[in-house]
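Structural overview for review
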Protein chains: 2
Amino acid sequence: MRNDSGHGAADALATIPEIADLPDEIRAELKTICRIRRFAQGQLVTEVGDTNEMVGYVIDGILRMQKTLPDGRQHVVGLLVAGDMFGRVYDGPSPFAIEAAADSEVCVFQRARFEALLARFPELDRLVLLHFLTELDRARDWMVVLATPKVRGRLAGFLLMLCTRYRNVGHLFGDADGRLTIRIPIGRPDLAHLLGARPESVSRAFHALADDGILEILRPDLVAIRSIEDLAEEAGEPELGDGLTVETLAQAAGGAGR
Amino acid sequence: MRNDSGHGAADALATIPEIADLPDEIRAELKTICRIRRFAQGQLVTEVGDTNEMVGYVIDGILRMQKTLPDGRQHVVGLLVAGDMFGRVYDGPSPFAIEAAADSEVCVFQRARFEALLARFPELDRLVLLHFLTELDRARDWMVVLATPKVRGRLAGFLLMLCTRYRNVGHLFGDADGRLTIRIPIGRPDLAHLLGARPESVSRAFHALADDGILEILRPDLVAIRSIEDLAEEAGEPELGDGLTVETLAQAAGGAGR
DNA sequence: CAACGGCATTGATCTCGCTCAAGGTGGCGA
DNA sequence: TCGCCACCTTGAGCGAGATCAATGCCGTTG
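Residues numbered from 1 in each chain as written. Chains lettered and ligands numbered in written order. Predicted model: local features only at pLDDT ≥ 70, side-chain atom pairs only at ≥ 80, totals over all residues. Heavy atoms only, no water.

Side note on the interface of chain B and chain A
Counting residues at the interface gives 40 residues for chain B and 40 residues for chain A. Between chain B and chain A lies a buried interface of about 4,000 Å² when both sides are counted; carbon and sulfur atoms form 69% of it. It is B:Leu129, B:Arg140 and B:Met143 in chain B that bury the most area against chain A; as a group they hold 18% of the surface buried on that side. A:Glu135 serves as the salt-bridge partner of B:Arg140, at 2.7 Å between the closest nitrogen and oxygen. Run the count over chain B and chain A and you get 6 residue pairs in polar contact (both at pLDDT 80 or more). With 17 residues, helix H5 (residues 122-146) of chain B is the single largest residue contributor to the side of chain B that touches chain A. Residue composition of the side of chain B that touches chain A, by class: 24 nonpolar, 5 polar and 11 charged. (Contact = heavy atoms within 4.5 Å. Buried area = accessible area lost by both parts, 1.4 Å probe. Salt bridge = Lys/Arg side-chain N within 4 Å of Asp/Glu carboxyl O. Polar contact = N/O pair within 3.5 Å; in protein donor to acceptor, adjacent residues only side chain to side chain. Helix = DSSP H or I, 4+ residues; strand = E, 2+ residues; numbered from the N terminus. Nonpolar A, V, L, I, M, F, W, Y, C, P; charged D, E, K, R; others polar.)

Right under this line is the structure:
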């Protein structure tokens with residue numbers, strides 16, 4: 001549970017494709033003001049009214065953004081994975097807290113310094129804008145999923161979303177006997193809250209999908225998908241986009257069942 | 001239903017406070033490349049795979065962003081009001097369509113030209129970034145609202161959201177006998193779809209809230225709020241933020257019952 | 001090692017909201 | 001002007017999901 005700088009910041013930042021593509025000059029500047037921090041599962045990265053304003057990139061692991069409700073429960077409003085950015089450039093403190101959903105590694109910048117870099121390098125600025133646009137699209141997809149009337153459909157939409165918008169995350173996908181496996185990064189209570197349901201209903205929905213042969217429950221937090229098409233059917237999703245199949249994702253996972 | 005340039009673009013853009021605050025030089029440049037368009041209620045502003053890529057600002061009226069489902073129904077994923085920006089700078093075509101929810105006036109820019117301006121003027125760039133951050137926060141608030149288990153709570157959350165995130169929109173608020181009135185910018189079928197429910201359930205939820213004295217239904221699309229605190233209670237919202245009361249909003253509306 | 005607490009699951013019951021159906025209203029075009 | 005159609009509303013019945021409750025499991029703590 002060490003919480004301080006691990007290995008050098010240089011290679012960590014270069015893990016993110018978009019950043020690796022930046023000119024050397026910008027990368028060098030970023031390196032000088034960034035600080036690598038590790039967070040163990042359950043640790044808070046940012047609190048709600050955090051005055052210690054920072055922005056950052058996720059290097060590895062999974063974070064979740066959440067709103068704290070008056071009854072003390074946490075409401076998840078999004079997941080952050082490797083390559084995602086968080087923080088509010090040019091604006092006030094974030095209304096959401098960020099917590100590590102798994103052991104994670106992030107690269108944080110002091111906000112003012114990062115903003116100074118944005119002003120100097122249009123390429124970086126453009127990158128940040130694109131990241132927020134991506135997040136916005138994700139959030140809107142979440143909305144479509146959440147507005148599905150039945151819990152079964154919402155759960156299917158959630159799983160489908162992991163396969164599409166979060167597909168580049170090695171941690172989530174695996175390959176068991178040629179079937180695609182997905183690790184579910186949050187527990188039943190939080191998932192239930194995210195989907196607007198109760199833990200019992202989520203559990204029943206999982207097993208209902210399993211009974212219909214859509215998926216297989218290997219562990220509470222690990223399921224195997226039989227067919228993405230069936231999943232999309234359940235979710236009522238219009239199109240799958242590109243060539244997205246169980247095989248594609250399983251191959252990308254590279255056989256590490258984890 | 002005229003669909004072409006109405007009055008001069010100059011004063012139209014200056015309607016938006018953030019833009020009015022920009023240096024004269026930038027405003028002048030914006031003016032030269034912008035084009036005012038009016039859309040009648042129900043008209044499409046942008047289609048899904050629109051190749052005619054544009055970005056724009058809403059001058060007046062209300063637009064809704066929606067995803068078209070395979071069954072032909074439209075799924076609303078957000079509302080755009082005066083001062084909001086739409087379009088995807090630096091990125092591919094939007095996965096969502098935009099339609100006028102009321103007679104509206106927008107200011108559109110050809111994307112490439114607008115991007116050129118972004119590159120030249122950091123202030124404008126910063127403004128755009130802030131707009132997207134606002135949209136992102138809105139989308140996340142939508143998520144919290146949508147994840148409320150009961151329709152009553154989701155409807156209360158929706159109304160509360162109109163009072164908070166969309167508060168600066170003159171069209172929506174009015175003052176009837178000292179009570180705050182809210183105009184609901186979309187019809188029951190769309191509202192139902194947005195809230196993940198059926199029109200009948202939404203109607204019942206409205207009247208259930210009315211029976212409990214939380215609000216009063218003046219017209220199907222016009223309700224009077226008795227107490228914002230009660231509304232927040234119903235929605236299960238943590239905090240109201242700042243000094244947000246029925247009186248504050250009614251005063252801001254300026255007594256135009258409309 | 002034992003006790004505890006949180007999580008996942010399953011069952012039973014009851015409420016809520018979906019479904020189908022009908023009637024009332026307003027706007028729009030013939 | 002009349003007729004049409006979309007919308008809003010209300011009613012009745014049924015299914016899905018919330019609720020309450022109990023069990024087994026695991027990781028942690030004393």
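Some details on H5(B)
Between its first and last C-alpha, H5(B) extends 36 Å over 25 residues, near the 36 Å set by a 1.5 Å rise per residue. Where burial is concerned, most of H5(B) is hidden: 21 out of the 25 residues are buried. (Expected span 1.5 Å × (residues − 1). Buried < 20%, exposed > 50% of the residue type's maximum accessible area, 1.4 Å probe, protein only.)

Focus on the nonpolar core
Here is a general trend for soluble globular proteins: nonpolar side chains tend to be buried in one another's company. Ranked by internal contacts, the top residues of the largest apolar core, which has 99 residues, are A:Phe158, A:Leu191, B:Phe158 and B:Leu191. Ignoring sequence-local partners within four residues, the contact set of B:Leu191 consists of B:Leu155, B:Phe158, B:Ile184, B:Ile186, B:Val202 and B:Phe206. Membership of the second largest hydrophobic core comes to 62 residues, among which are A:Leu22, A:Ile59, A:Leu127 and A:Phe132. (Core = buried A, V, L, I, M, F, W, Y, C linked by side-chain atoms within 4.5 Å.)

Structural notes on the environment of A:Leu13
All names here are of chain A. If you trace the backbone, Leu13 turns up in helix H1 (residues 9-14). Taking the relative accessible area as the measure of exposure, Leu13 reaches 4% and is therefore buried. For Leu13 and Tyr57, which are 44 residues apart along the polypeptide, the C-alpha to C-alpha distance reads 8.3 Å. For Leu13, the contacting residues outside a window of four places in its chain are Ile19, Leu30, Lys31, Cys34, Ile59, Cys107 and Phe109.

A closer look at the protein's contact with DNA strand C
Inspection of the region around DNA strand C gives 16 residues, with A:Arg188, A:Pro189, B:Val151, B:Arg198 and B:Ser201 positioned closest. Within 4 Å of the protein, the atoms of DNA strand C are drawn from sugar and phosphate moieties in a proportion of 71%. Take A:Ser203: an N or O atom from its side chain is 3.2 Å from a phosphate oxygen of DNA strand C. Mapped onto the surface near DNA strand C, the elements with two or more residues apiece are helix H7 (188-194) and helix H8 (199-211) of chain A together with helix H8 (199-211) of chain B. With 4 residues, H8(A) is the largest single contributor of residues to the surface near DNA strand C. Among the residues making up the surface near DNA strand C, the classes are represented as 4 nonpolar, 5 polar and 7 charged. (Near = heavy atom within 4 Å.)

A few points about the relation of the copies chain B and chain A
With an RMSD of 0.2 Å, chain B superimposes on chain A once it is rotated by 179° and translated 0.0 Å along the axis. What the superposition gives is, in effect, a two-fold axis relating one chain to the other. (Least-squares fit on C-alpha atoms with pLDDT ≥ 70 in both.)

Overview of the sheet that holds strand S7 (residues 97-100) of chain A
Two strands in a sheet stick together by hydrogen bonds in their backbones, pointing the same way (parallel) or opposite ways (antiparallel). Residue and element names in this part refer to chain A. One open sheet holds the 4 strands; their spatial order is S2-S7-S4-S5, and the pairing between them is antiparallel. Strands with a single pairing partner mark the edges of an open sheet, and in this sheet they are strand S2 (44-46) and strand S5 (74-81). Across the sheet, the axes of successive neighbouring strands diverge by a mean angle of 35°, strand direction being ignored. Relative to S7, strand S4 (residues 62-68) runs antiparallel, the two being bridged by 4 bridges. Residue pairing for S7: Leu63 is matched across the bridge by Ala100. (Pairing = 2+ DSSP bridges. Axes fitted to C-alpha atoms, helices over the stretch in contact; angles between N-to-C directions.)

A word on the packing of helix H4 (residues 111-120) of chain A against helix H5 (residues 122-146) of chain A
Residues and elements named next belong to chain A. In contact at an axis separation of 5 Å, H4 and H5 are set at 115° when each is read in the N-to-C sense. In terms of orientation, H4 and H5 fall into the roughly perpendicular class. For the pair formed by H4 and H5, the contact residues are Phe114, Leu117, Leu118 and Arg120 on the first element and Pro122, Leu124, Asp125 and Val128 on the second. Of the residues belonging to the contact of H4 with H5, the class tally is 6 nonpolar, no polar and 2 charged. (Parallel < 35°, antiparallel > 145°, perpendicular 65-115°, else oblique.)

What about the sheet that holds strand S6 (residues 85-86) of chain A?
Residue and element names in this part refer to chain A. The strand order across the open sheet formed by 4 strands is S1-S8-S3-S6, and the pairing between neighbours is antiparallel. A single partner strand is all that each edge strand has here, and the edge strands are strand S1 (34-39) and S6. Where strand S3 (residues 54-60) and strand S8 (residues 104-110) come together, 6 bridges link them in antiparallel fashion. The residue bridging Val58 from the neighbouring strand is Val106, located in S8. Packing against the sheet, H4 makes contact with S3, S6 and S8, and its axis sits at approximately 75° to S8.

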